[in-house]
Amino acid sequence: MLVVMDNHASADQIERVVQVIEEMGYQARPMPGLQRTTVGLVGNDGRVDGSRIEALPGVAEVIHVSKPYKQVSREWKQENTLVRIAPGVVFGGEQIQIIAGPCSVESEDQIVTAARQVRAAGATALRGGAFKPRSSPYSFQGLGKRGLELLAVARQETGLAIVTEALDEDGVHRVAEVADCIQIGARNMQNYSLLRAAGRAGKPVLLKRGMAATITDLLMSAEYILAEGNDQVILCERGIRSFDTMTRNLFDLTAIPLVQKLSHLPMVADPSHGTGLRDKVTPMARAAVAAGADGIIVEVHPNPERALSDGAQSLYPEQFKSLVEELRAIASAIGRSVATLASARSAGTAPVTVG
Ligand code: PEP
Ligand code: MN
């Protein structure tokens with residue numbers, strides 16, 4: 001339930017609404033807006049009788065949220081949420097952010113070279129797994145803690161923001177120490193204890209759609225993170241399982257406008273895992289930006305033939321460079337632009353206005 005206050009409601013009136021919500025046994029989330037404050041009621045599993053709150057002074061309206069995901073929904077919050085992972089690197093605004101880098105961190109030389117290459121081509125964030133969720137226990141599992149240290153070196157060298165995956169609750173804390181944004185992978189989308197831990201880790205979260213997850217499942221998983229008080233969540237379409245084995249996954253482009261209609265959270269797309277095929281990554285990345293994605297996350301490796309994971313879907317650095325140029329043209333055709341690190345840095349550390 002959402003309590004919309006009058007434009008001129010006083011701080012005391014807002015406080016009284018908070019008190020009554022708490023007396024009723026729920027939690028209150030006051031959300032100051034440009035025009036007026038709304039107070040969200042959370043902790044309910046079903047419809048709450050709003051009559052006691054409706055009668056309070058300063059209350060304009062009580063809205064019942066019809067969706068099972070509450071805080072994630074556009075009913076809860078109409079304006080886009082801006083997710084800022086580093087100074088000036090903001091998802092959900094006019095600018096499209098590009099996260100790029102190898103599937104896994106393999107060595108200092110590999111990650112620093114990749115970081116320099118993707119930065120030169122126009123990425124604003126570096127991806128790279130230190131902890132890898134592999135289908136086989138015998139495949140390369142990532143460098144672990146050392147991988148995180150190398151990501152920190154790559155950030156130091158390039159200024160790129162770091163996006164990297166946490167696999168379990170213990171890992172969340174270690175990853176949060178280094179990452180600018182914690183990635184929760186497809187296989188863990190419904191690992192609810194991990195989602196809760198990520199919600200408490202104090203860093204933005206990039207939540208990938210599970211390979212057999214509906215869009216409602218994805219939004220419900222995001223709700224776990226927001227329920228912990230963290231609304232800095234980026235959603236990600238990365239392809240779902242289909243009967244057709246021609247591609248690794250079925251890249252669900254429609255998920256982009258669907259999610260953006262249902263939720264105020266930014267939505268990015270991963271055409272690398274979405275297709276699994278290098279030569280399909282560029283067309284699907286173009287399509288994702290044309291469909292309105294707030295960013296893309298794409299695998300790029302200095303030497304894909306030698307990659308320890310996902311080489312077949314990793315772009316060559318030159319391919320990535322051409323892709324970014326094409327994305328700029330597509331973005332401008334739809335009234336957006338592709339962010340650059342220079343524009344990010346000139347935005348400095350000024351606080352970003354959310355909603
Ligand atoms: C990855 O980003 O390398 C990854 C493992 O992705 P997903 O969770 O989408 O499979
Ligand atoms: Mn990968």
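I will try to describe carefully the structure that is included in this document. (Residues numbered from 1 in each chain as written. Chains lettered and ligands numbered in written order. Predicted model: local features only at pLDDT ≥ 70, side-chain atom pairs only at ≥ 80, totals over all residues. Heavy atoms only, no water.)

Topic: the site of ligand 1
Alright, step 1. As a structural note, the neighbourhood of ligand 1 is formed by 13 residues, with R127, K132, A186, K208 and R238 the closest of them.
Alright, step 2. In the environment of ligand 1, an oxygen atom lies 2.9 Å from a nitrogen or oxygen atom belonging to the side chain of K132.
Alright, step 3. Within the contact set of ligand 1, an oxygen atom lies 2.6 Å away from a side-chain nitrogen or oxygen of R238. (Near = heavy atom within 4 Å. Polar contact = N/O pair within 3.5 Å; in protein donor to acceptor, adjacent residues only side chain to side chain.)

Focus: the pattern of salt bridges
Side chains carrying opposite charge are able to pair once their charged atoms draw close together.
Alright, step 1. Tallying each qualifying case throughout the model produces 18 salt bridges.
Alright, step 2. One salt bridge in this structure joins R146 and E108, with 4.0 Å as the shortest N-O distance. Of this pair, R146 sits in helix 4 (residues 145–158) while E108 sits in helix 3 (residues 108–121), and the two are 38 residues apart along the sequence.
Alright, step 3. Each of E108, K145, R146 and E149 takes part in salt bridges that share partners, so that together they form one network. (Salt bridge = Lys/Arg side-chain N within 4 Å of Asp/Glu carboxyl O. Helix = DSSP H or I, 4+ residues; strand = E, 2+ residues; numbered from the N terminus.)

Quick word on the state of the cysteines
Alright, step 1. In the structure shown here, the tally under the stated rule is zero disulfides.
Alright, step 2. Here C181 is not disulfide-linked; the sulfur of C236 is the nearest cysteine sulfur, at 10 Å. (Disulfide = S-S within 2.5 Å.)

Quick word on the coordination of the manganese ion (ligand 2)
Tetrahedral coordination by four donors places them ideally at 109.5 degrees to one another around the metal; octahedral coordination by six donors ideally gives 90 or 180 degrees.
Alright, step 1. Every protein donor of the manganese ion (ligand 2) is listed here as C103 (SG), H273 (NE2), E299 (OE) and D310 (OD), and their distances to the metal cover 2.1 to 2.4 Å.
Alright, step 2. Expressed as a motif, the donor residue spacing for the manganese ion (ligand 2) is C-x169-H-x25-E-x10-D. On the criterion of sequence distance, the pair formed by H273 in helix 9 (residues 271–275) and D310 in the loop between strand 14 (295–299) and helix 11 (317–333) is long-range, its members being 37 residues apart. (Donors = N, O, S within 2.8 Å, 3.2 Å for Na, K, Ca; no water.)

Quick word on the packing of helix 4 against helix 5 (residues 169–178)
Alright, step 1. Between helix 4 and helix 5, the least distance of the axes is 9 Å, while the angle of their chain directions is 20°. For the element pair helix 4 / helix 5, the angle class is roughly parallel. Note on packing geometry: the crossing formed by helix 4 with helix 5 is right-handed. Between helix 4 and helix 5, the residues in contact are L148, A152 and R155 and R174, V175 and V178, respectively.
Alright, step 2. Class assignment of the residues belonging to the contact of helix 4 with helix 5 gives a composition of four nonpolar, no polar and two charged. (Axes fitted to C-alpha atoms, helices over the stretch in contact; angles between N-to-C directions. Parallel < 35°, antiparallel > 145°, perpendicular 65-115°, else oblique. Left-handed = near helix turned anticlockwise from the far one by under 90°. Contact = heavy atoms within 4.5 Å. Nonpolar A, V, L, I, M, F, W, Y, C, P; charged D, E, K, R; others polar.)

A few points about helix 6 (residues 192–200)
Alright, step 1. By the burial criterion, the buried members of helix 6 are L194, L195, A197, A198 and G199.
Alright, step 2. Buried residues along helix 6 sit in contact with helix 5, strand 10 (181–184), strand 11 (205–208) and helix 7 (215–227).
Alright, step 3. Residue G202 follows helix 6 closely and has a positive phi angle near 80°. (Buried < 20%, exposed > 50% of the residue type's maximum accessible area, 1.4 Å probe, protein only.)

Things to note about the pairing of strand 12 (residues 233–237)
Alright, step 1. Along strand 12, five of the five residues are buried, which leaves the element largely enclosed by surrounding structure.
Alright, step 2. Where burial is concerned, the two faces of strand 12 agree: the one with V233, L235 and E237 and the one with I234 and C236 are both buried.
Alright, step 3. Across four bridges, strand 11 lies against strand 12 in parallel orientation. Bridging from a neighbouring strand, V205 pairs with V233 of strand 12.
Alright, step 4. Between the parallel pair strand 11 and strand 12, the chain is carried across by helix 7, and the sense of this crossover is right-handed.
Alright, step 5. Regarding topology, helix 8 (residues 255–262) serves as the crossover connection from strand 12 to the parallel strand 13 (residues 267–269), and that connection is right-handed. (Pairing = 2+ DSSP bridges. Right-handed = clockwise from strand over helix to strand, strands pointing away.)

A word on the pairing of strand 10
Alright, step 1. Of the two faces of strand 10, both are covered, the one formed by C181 and Q183 as well as the one formed by I182 and I184.
Alright, step 2. Pairing between strand 9 (residues 161–165) and strand 10: three bridges, direction parallel. Paired with T164 across the bridge in strand 10 is I182.
Alright, step 3. In this region the chain leaves strand 9, passes through helix 5 and returns to the parallel neighbour strand 10; the handedness of that crossover is right-handed.
Alright, step 4. For strand 10 and strand 11, the ladder comprises three bridges, and the chain directions are parallel. Across the sheet, residue Q183 finds its bridge partner in strand 11, namely L206.

Quick notes on the packing of helix 3 against helix 4
Alright, step 1. Two elements in contact, helix 3 and helix 4, have axes whose closest approach is 9 Å; the angle formed by their N-to-C orientations is 35°. Considering how the two elements wind past one another, helix 3 and helix 4 form a crossing that is right-handed. Between helix 3 and helix 4, the residues in contact are E108, I111, V112, A115, R116 and R119 and R146, L150, L151, V153, A154, E157 and T158, respectively.
Alright, step 2. Its residues placed into classes, the contact of helix 3 with helix 4 shows seven nonpolar, one polar and five charged.

Quick look at the sheet that holds strand 1 (residues 2–5)
Alright, step 1. Within the open sheet, the four strands sit side by side as 2-3-1-4. Their pairing is antiparallel. Because the sheet does not close on itself, it has two edges, and the strands there are strand 2 (27–32) and strand 4 (59–63). Strand-to-strand twist of the sheet, defined as the mean angle between neighbouring strand axes without regard to direction, takes the value 20°.
Alright, step 2. The pairing of strand 2 with strand 3 (residues 37–42) spans six bridges and is antiparallel.

Comments concerning the nonpolar core
Alright, step 1. I85, L126, L207, L235, I296 and F320 are the most contacted members of the largest nonpolar core, which totals 84 residues.
Alright, step 2. The element that contributes the greatest number of residues to this core is helix 7, accounting for six residues.
Alright, step 3. Apart from the residues within four sequence positions on either side, L207 is in contact with I184, M189, L195, L218, S221, A222, I225, V233, I234, L235 and C236.
Alright, step 4. One finds V20, L41, I53 and V62 within the second-largest nonpolar core, a separate group that totals 17 residues. (Core = buried A, V, L, I, M, F, W, Y, C linked by side-chain atoms within 4.5 Å.)

Details of helix 3
Alright, step 1. For helix 3, which comprises 14 residues, the first-to-last C-alpha distance of 20 Å matches the rise-based estimate of 20 Å (1.5 Å per residue) to within 8%.
Alright, step 2. Those residues of helix 3 not exposed but buried are Q110, I111, V112, A114, A115, V118 and A121.
Alright, step 3. For helix 3, the elements touching its buried residues are strand 7 (95–101), strand 8 (125–127), helix 4 and helix 11.
Alright, step 4. At the C-terminal side of helix 3, G122 shows a positive phi close to 125°. (Expected span 1.5 Å × (residues − 1).)

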